[in-house]
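Single-letter residue listing:
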Amino acid sequence: MPDRSGRLLLKISGEVLMGGEPFGIDVPTMNRIAAEVGETTRTGVKLALVIGGGNLLRGVTAAAQGMHRVTGDYMGMLATVMNALAFDSALKANGVDSRVQSAIPMPSICESYSRDSALRHMAKGRVVIFAAGTGSPFFTTDTAAALRAAEIGCDGLLKGTSVDGVYSADPKEQPAARRYDRLTYGDILTQDLKIMDLTAITLARNSGIPVIVFSIRTPGALLGVVKNQGRFTVIGA
């Protein structure tokens, strides 16, 4: 991993928090990931998080069922706030000092997003969880993750998923799909590899932030990525 600011942003899909459940939050899974985040920060890494809301609601799905896309996206943003609050609680239970910052102001629940405040928290060793996406509809939490990573000067964007890297096709549907160890931003754009949306990849490219895709469902994988060990795909220049 690059070693400039010591800051990394971890993007966790909401679906990962389901564990083996059909929806919602599987508490043992959340606690395991929270414990691994704590273990990683104790190595000196300054970590920020963005957590998706797909385990609770996805705006696009709601739109497809007749709900207005804007309404669905705002509901999805609120779902990310609920996930962030739950994960914040799990971190604190594991002895990790953390703060939730929301792109949509809700001061009775959590802090409003502030770049300067986030940097001060991270300088003190706190984990900052960025919630409510970008605060605007039509942008995914992947884009929010890339945006926050650029704003706070992260050395890398870690995308924790259900698979151990980027494949040429969904390996669950096509077992013979090719797995990549390294790709360029251009490869993602030209080959239409659907690991992140195009806005997120473009933001990462323009900011010079490598994206590392790994399976956060694999115990110990997060710390392994930070130590440059294990299986993952690096997307860069």
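Nothing here was measured: the structure is a model prediction, and the numbers come from that model. All residue numbers here refer to positions counted from 1 along the written sequence of the relevant chain. Predicted model: local features are reported for residues with pLDDT of at least 70 only, side-chain atom pairs are reported and counted for 80 or more only, and whole-chain, interface and lining totals are derived from all residues. Side-chain figures throughout are based on the complete set of non-hydrogen atoms in the structure, without hydrogens or water.

Chemist: Can you help me understand the overall build of the protein chain in this one?
Modeler: Helix and strand definitions here come from DSSP, where helices need a minimum of 4 consecutive H or I residues and strands a minimum of 2 consecutive E residues; each element is numbered from the N-terminal end. Helix and strand counts for the protein chain come out as 8 helices and 11 strands. The atom set for the radius of gyration is the C-alpha atoms, and the globule formula is 2.2 Å times the number of residues raised to the power 0.38. The globule rule puts the C-alpha radius of gyration for 237 residues at 18 Å, and the 17 Å found for the protein chain is close to it. Projected onto its principal axes, the C-alpha coordinates of the protein chain cover approximately 50 × 45 × 35 Å. Burial analysis of the protein chain (237 residues in total) assigns 50% to the buried set. By definition in these notes, contact holds between two residues if any of their heavy atoms fall within 4.5 Å. Considering only contacts within the protein chain whose residues lie at least 6 apart along the sequence, 72% involve residues at least 24 apart. For the protein chain, the exposed area adds up to about 10,500 Å²; of that, 53% sits on carbon and sulfur atoms. The rule is simple: take the accessible area with a 1.4 Å probe, protein chains only, and divide by the maximum for that residue type; under 20% is buried, over 50% is exposed, in between is partly exposed. Computed by Shrake-Rupley with a 1.4 Å probe, the accessible areas treat only the displayed protein chains as cover when residues are assessed.

Chemist: I tried to follow the pattern of salt bridges on my own but got confused; where do I start?
Modeler: Should their charged atoms come close, side chains of opposite charge can pair. Put simply, a salt bridge is a Lys or Arg side-chain nitrogen that is within 4 Å of an Asp or Glu carboxyl oxygen. By the definition in use, this model includes 14 salt bridges. A salt bridge links glutamate 36 to arginine 32; the shortest N-O distance between them is 3.0 Å. Of the two residues, glutamate 36 and arginine 32 both sit in helix H1 (residues 27–41), 4 residues apart, roughly one turn of that helix. Judged by its relative accessible area of 9%, glutamate 36 falls in the buried class. By relative accessible area, arginine 32 is classed as partly exposed at 23%. Note that aspartate 97 and arginine 126 form a salt bridge whose closest N and O atoms lie 3.0 Å from each other. In this pair, aspartate 97 sits in the loop between helix H3 (69–93) and strand S3 (98–102) while arginine 126 sits in the loop between helix H4 (115–123) and strand S5 (127–131), placing the two residues 29 residues apart along the sequence. Of the residues examined, aspartate 97 reaches a relative accessible area of 36% and is grouped as partly exposed. Residue arginine 126 is classed as buried on the basis of its relative accessible area, which comes to 17%. Because the salt bridges share partners, they merge into one network encompassing Asp97, Arg99, Glu111 and Arg126.

Chemist: Explain H1 to me, please; I cannot follow it from the model alone.
Modeler: Because an α-helix packs 3.6 residues into every turn, residues spaced three or four apart end up facing the same way. By this rule the span expected of a helix is its residue count minus one, scaled by 1.5 Å. Helix length check: H1 (15 residues) gives 21 Å between terminal C-alpha atoms against 21 Å at 1.5 Å per residue, within 8%. Those residues of H1 that sit buried are Thr29, Met30, Ile33, Ala34, Glu36, Val37, Gly38, Thr40 and Thr41. On its buried side, H1 packs onto strand S1 (7–12), strand S2 (46–51), H3, S5 and helix H8 (221–226).

Chemist: What is the right way to read the packing of aromatic side chains from this model?
Modeler: Within a pair of aromatic rings, the relevant descriptors are the distance that separates the centres and the angle that separates the planes. Here is the rule: rings of Phe, Tyr and Trp (six-membered ring for Trp) pair when centre to centre is within 6.5 Å. Planes less than 30 degrees apart are stacked, more than 60 are edge-to-face, and the remainder are tilted. Inspection of the entire model under this criterion finds 1 aromatic pair. Here the aromatic rings of tyrosine 113 and phenylalanine 130 are separated by 5.5 Å at their centres, their planes lie at 80°, and the arrangement is edge-to-face. One end of the pair, tyrosine 113, is in the loop between strand S4 (111–112) and H4; the other, phenylalanine 130, is in strand S5, and 17 residues separate them in sequence. For tyrosine 113, a relative accessible area of 21% translates into the label partly exposed.

Chemist: Would you explain the pairing of S2 in this entry?
Modeler: Each regular strand carries side chains that alternate between the two faces of the sheet. With 5 of its 6 residues buried, S2 lies for the most part within the structure. Whether a crossover is right-handed depends on one test, that the path from the first strand over the helix to the second runs clockwise when the strands point away from the viewer. Of the crossover connections in this fold, the one passing from S1 over H1 to the parallel S2 is right-handed. Criterion used throughout: strands pair if DSSP finds at least two bridges between them. Alignment of S2 against S5, held across 3 bridges, turns out to be parallel. The partner of alanine 48 across the bridge, within S5, is valine 128.

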